[in-house]
Amino acid sequence: MQQSTYTSPLDKLNDEALLEQFRQGNTVAFEELYKRFWGVLYLQAYRILIHEEDAQDIVQEVFTALWTKAANINLSGSLAAYLYAATRNRVLNMLASKRTYRHHLSSLKQSLSDIDNNSLQYITEKEITARMEREIRALPAKMREVFELSRKTALTHREIAHQLQLSQETVKKQISNAIRTLRHKMAHFSFFC
């Protein structure tokens, strides 16, 4: 019994031709690009992040951006180079965002220890984190949305501004106000423990 090995005519197209096909409305061309690149982009992200879900999220974001912005992508090199660079940039943004989030958490912990070191020795990191999450949820809606996008995603201030239709200055101010509010709220936390 012979096994059927159907190959799509798209299999023979190079990456740039597939992108052009997708730009013209051929969603099967996008699926072919997805099949070609998902594995290698995932491995690239995973090698740096060493976290399966984060690597999957990064690659999904890269393909989502390709889907939504394909018409506006001007390649100066190959599509492969573009996708690798997009993946690398999102990985770096995620690492920076996580590092910034940890930095702010560390800064808040330091502020708390400066206020009353004796009362803090009874508070576990888990309790501080849980309280911080409650205080973040208590922020005004727009401020909370901006703060969470900046700290829990790999979005830049410009991307947040574009997504929320705000100015970059407004995004920076909302983040600054959120940090100031959280420091103030968390400073009082040690007195109620």
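For the structure, check the block above.
Residues numbered from 1 in each chain as written. Predicted model: local features only at pLDDT ≥ 70, side-chain atom pairs only at ≥ 80, totals over all residues. Heavy atoms only, no water.

**Things to note about the nonpolar core**
Here is the rule we go by: For our purposes a nonpolar core is just a set of buried Ala, Val, Leu, Ile, Met, Phe, Trp, Tyr and Cys residues, chained together by side-chain atoms within 4.5 Å. Type-normalised accessible area, obtained with a 1.4 Å probe on protein chains alone, sets the label of each residue: buried when under 20%, exposed when over 50%, and partly exposed for intermediate values. Only DSSP runs of H or I with at least four residues qualify as helices, and only runs of E with at least two residues qualify as strands; both kinds are numbered from the N terminus onward.
Grouped together as the largest cluster of nonpolar side chains are 26 residues, with contacts concentrated most on Leu33, Phe37, Leu41, Phe63, Leu66 and Leu83. For this core, the secondary-structure elements that each account for two or more residues are α1 (15–23), α2 (27–49), α3 (52–69) and α4 (79–115). With 8 residues, α2 is the single largest residue contributor to this core. Counting 16 residues, the second largest nonpolar core, distinct from the first, contains Met132, Val146, Phe147 and Leu182.

**Focus on the packing of aromatic side chains**
Put simply, the rule reads: Any two of the Phe, Tyr and Trp rings considered here, Trp counted by its six-membered ring, make a pair once their centres fall within 6.5 Å; the pair's planes then place it as stacked at under 30 degrees, edge-to-face at over 60, or tilted in between.
The final tally for this structure, using the stated rule, is 8 aromatic pairs. On the basis of an interplanar angle of 5° and a centroid distance of 5.0 Å, the ring pair of Trp38 and Tyr42 is categorised as stacked. In this pair, Trp38 and Tyr42 are both assigned in helix α2, 4 residues apart and thus about one turn of the helix distant. Taken together, Phe22, Phe30, Tyr34, Phe63 and Trp67 form an aromatic cluster joined through their ring pairs.

**Quick word on the packing of α1 against α2**
To keep things clear, this is the line we draw: A fitted line through C-alpha atoms represents every axis, and for helices the fit uses only the stretch in contact; the resulting angles, taken between N-to-C directions, go from 0 to 180 degrees. Crossing handedness is defined as follows: a turn of the near helix away from the far one that is anticlockwise and smaller than a right angle gives a left-handed crossing, while the clockwise case is right-handed. Contacts are residue-level and defined by heavy atoms, with any inter-residue pair within 4.5 Å sufficient. All amino acids are sorted into three groups, where Ala, Val, Leu, Ile, Met, Phe, Trp, Tyr, Cys and Pro are nonpolar, Asp, Glu, Lys and Arg are charged, and the leftover types, Gly among them, are polar.
Orientation of α1 relative to α2, taken along the N-to-C sense of each, is 145°, at an axis distance of 7 Å. Crossing hand, α1 versus α2: left-handed. Touching Asp15, Leu18, Leu19, Gln21 and Phe22 of α1 are Thr27, Ala29, Phe30, Glu32, Leu33, Arg36 and Phe37, all from α2. Taken together, the residues that form the contact of α1 with α2 break down as 7 nonpolar, 2 polar and 3 charged.

**A few points about unusual backbone geometry**
Positive phi, close to 50°, is recorded for Ile50, a residue that is not glycine. Exposure remark for Ile50: the relative accessible area of 56% places this residue in the exposed category. Look at Gln165: it is not a glycine, yet its phi comes out positive at around 55°. Note that Gln165 resides in the loop between α8 (157–164) and α9 (168–189). Among the residues examined, Gln165 registers a relative accessible area of 73% and is labelled exposed.

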